[in-house]
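Secondary and tertiary structure notes
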Amino acid sequence: MTTDINPTALAVFLFFFALVTVMGFVASRWRKPETLAHIDEWGLGGRNFGTWITWFLVGGDFYTAYTIIAVPALVYAVGAYGFFALPYTIVVYPFVFMVMPVLWKRAKDHGYVTAGDIVHGQYGSRALELAVAITGVIATMPYIALQLVGMTVVLKALGLHGELPLAIAFIILAVYTYSSGLRAPALIAFVKDIMIYIVVIVAVAAIPMKLGGYASVFAAADADFQAKGSGSLLLGSNQYVAYASLALGSALAAFMYPHTLTGIFASNSGNTIRKNAVLLPAYTLLLGLLALLGYMAHASHLTVSSPNEVVPALFQSLFPSWFTGFAFAAIAIGALVPAAVMSIGAANLFTRNFWKAYVNPDVSHAGEAQVAKIASLVVKVGALLVILFLPTQFALDLQLLGGIWILQTLPALVFGLYTNWFRAQGLLAGWFVGFFGGTYLVWINGWKPMQAIAFGGAPVTIYIGLLALAANIVVASAVNAVTKGRAVAQA
C-alpha cells in the first residue's frame, strides 16, 4: 500500500474533515434548546429526534469506521465466515422493533437517561445498577479505541504517520462534542452516511468492471483461498453452528451498548423507533456490498501488511486521487460519529449511575450536564491512550470481550420490561457468573470468542457470549427461585 503523501487526496480529505468540524460546532445552534445545561439536552438531544435523524444517527453509530475497515478485512482473510455480520444485522431489527419502543417508553415516562437508570428504577438495587453501568463503560472503551484503529489505517494510507495527526483529530472531536453534545454527531451523520453510500455504490460498480466482472472476482478469491489452504467462498459444515451463534449473539448484544441505547432514547416516539427498525436494514445492504471489497482485493492482487489495509489499498490502486481522498474522508468521518456517541453514552452512565448515585445525589441538572461533558473528554482521552501506548492487538482482544460483557446486561435491562418475577439478587448473581465466566472462557481460548462443545458426537463451536448469557439466565432463575422460596417460608 502506498504511504507517500498524495497532495490531491490529502487536500480532498482535509476539506471534508474541516466541513464536519464546522458542522460539529454549528450543531449547538441546530434545533437550539433553551439551554444545553441539562443532560437530556446535551446527552440525548432533547429526546426529540424524528425518523430521519434517528435513522442517520443510529446507522452512524452502528455501522462504524472500524466496520468499514474490518468486515472487508475479515472476508479477505477467511472468506464466507466473515459474512456473519449480514444475518446479525438482519436478526437485530425484529428485536429492536419489539423491545426498544417498550424500553424507550419506560425511559421517557420516568426521565431515565441510561440503562443503569432503568435497572435501578425497576429493581431498586444500587449494586445491580452499578454492575450494568460499569459493564457499559468498559465494553465501550475498546469500541471507541477501535474507531481510532480505523482512522489510523486511513491516515497511514494518506502518508500521515506518527501519533500527532490522530491526536489532533480526536482533540477536535472532543471539543465540539463537549460544546454541542449529541447534536454534533447527529448532524454530522447526515454527511457521513451520504458520503459512505456514494463511496460504496461507486466501488461495487466500478471495481468489478476494472477487474473483469464479478465472476473473475470470485474466481480469484477462490483460487487464493485454495492456494493458502484456509478460507472459502462457502461455509464449511463445521462452521454452521459457529456462524449462526455468532450472528445471534452479536444481534442480541448490539442494542445493549450505551451508544446504541443513546440513539434509541434520543428518539421522539416509540413509533419512530419502529419505523427505524423497518428502514435500518438498508444499511445491511450497504454492509453486504462493503464485505465484497474483501473478495475484490484478491482479484486486485494487492500486497498489504495487514488485512485492515485492504480497503484503503483498493481505493489507492484503482481510483483517481480525488476520489481516494473522498473515500478516506468518508471512513475517517465514520470514526468520528460513533466515537462521539459512544463517549456521550459512557459519560451519561458515569454521571447518572456513579456521580449522582454515590458522589452528589443532589446535583442540579446543569451540574449533571457539566459532569457528563467532562466525563466524555476523559473517555476519549482514555481510548486515545489505549491506541497510543498499548499494542493494537490488545484493543482488538478487549473488543472480543466487549460483546460478551455487554450481553450480560440483557436480562437485567429487558426482562423487567415484561415480568416482575426476577429479583435484583438473582440478576446480579447471573450477571456475575456470565460476566466473569465468559471472560474466563475467552482467556483460556487464547482471546478467541468461540468455545468448542461436544454433544455426544463431533464437537460444535459456539459463541461464548451466548454460553455466558445462558449461564447468566440459569443462575438468575435459580437464585430467584431460592430467594422467593425463602420469602414464602418466612411468611
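From a predicted model like this one, the values you see are computed outputs, not experimental measurements.

**A look at the pattern of salt bridges**
Counted according to the given criterion, the structure contains nine salt bridges. Note that glutamate 368 and arginine 352 form a salt bridge whose closest N and O atoms lie 3.2 Å from each other. Separated by 16 residues along the polypeptide, glutamate 368 in helix H17 (residues 365–389) and arginine 352 in helix H16 (residues 321–359) bring together distant segments of the chain. As far as burial versus exposure is concerned, glutamate 368 and arginine 352 are alike and both buried. A single network of salt bridges, built from pairs that share partners, joins Asp117, Arg352, Lys356 and Glu368.

**Things to note about the packing of helix H3 (residues 51–62) against helix H13 (residues 270–279)**
Packing of H3 against H13 brings their axes to within 9 Å, and their N-to-C directions diverge by 55°. In terms of their interaxial angle, H3 and H13 are classed as oblique. Helix-helix and strand crossings are classified by hand; for H3 and H13 the assignment is right-handed. For the pair formed by H3 and H13, the contact residues are Thr51, Thr54 and Trp55 on the first element and Thr272, Lys275, Asn276 and Leu279 on the second. Residues that form the contact of H3 with H13 fall into these classes: two nonpolar, four polar and one charged.

**Description of unusual backbone geometry**
With phi around 50°, arginine 47 is a residue other than glycine that occupies positive phi space. Counting through the fold element by element, arginine 47 comes out in the loop between helix H2 (39–44) and H3. Phi is positive for tryptophan 447, which is not a glycine, with a value near 65°. Among the secondary structure elements, tryptophan 447 is positioned in the loop between helix H20 (424–444) and strand E1 (450–453).

Cut-offs used in this document
Residues numbered from 1 in each chain as written. Predicted model: local features only at pLDDT ≥ 70, side-chain atom pairs only at ≥ 80, totals over all residues. Heavy atoms only, no water. Salt bridge = Lys/Arg side-chain N within 4 Å of Asp/Glu carboxyl O. Helix = DSSP H or I, 4+ residues; strand = E, 2+ residues; numbered from the N terminus. Buried < 20%, exposed > 50% of the residue type's maximum accessible area, 1.4 Å probe, protein only. Axes fitted to C-alpha atoms, helices over the stretch in contact; angles between N-to-C directions. Parallel < 35°, antiparallel > 145°, perpendicular 65-115°, else oblique. Left-handed = near helix turned anticlockwise from the far one by under 90°. Contact = heavy atoms within 4.5 Å. Nonpolar A, V, L, I, M, F, W, Y, C, P; charged D, E, K, R; others polar.

From the geometry alone we can't say anything about function, so treat these as descriptive.
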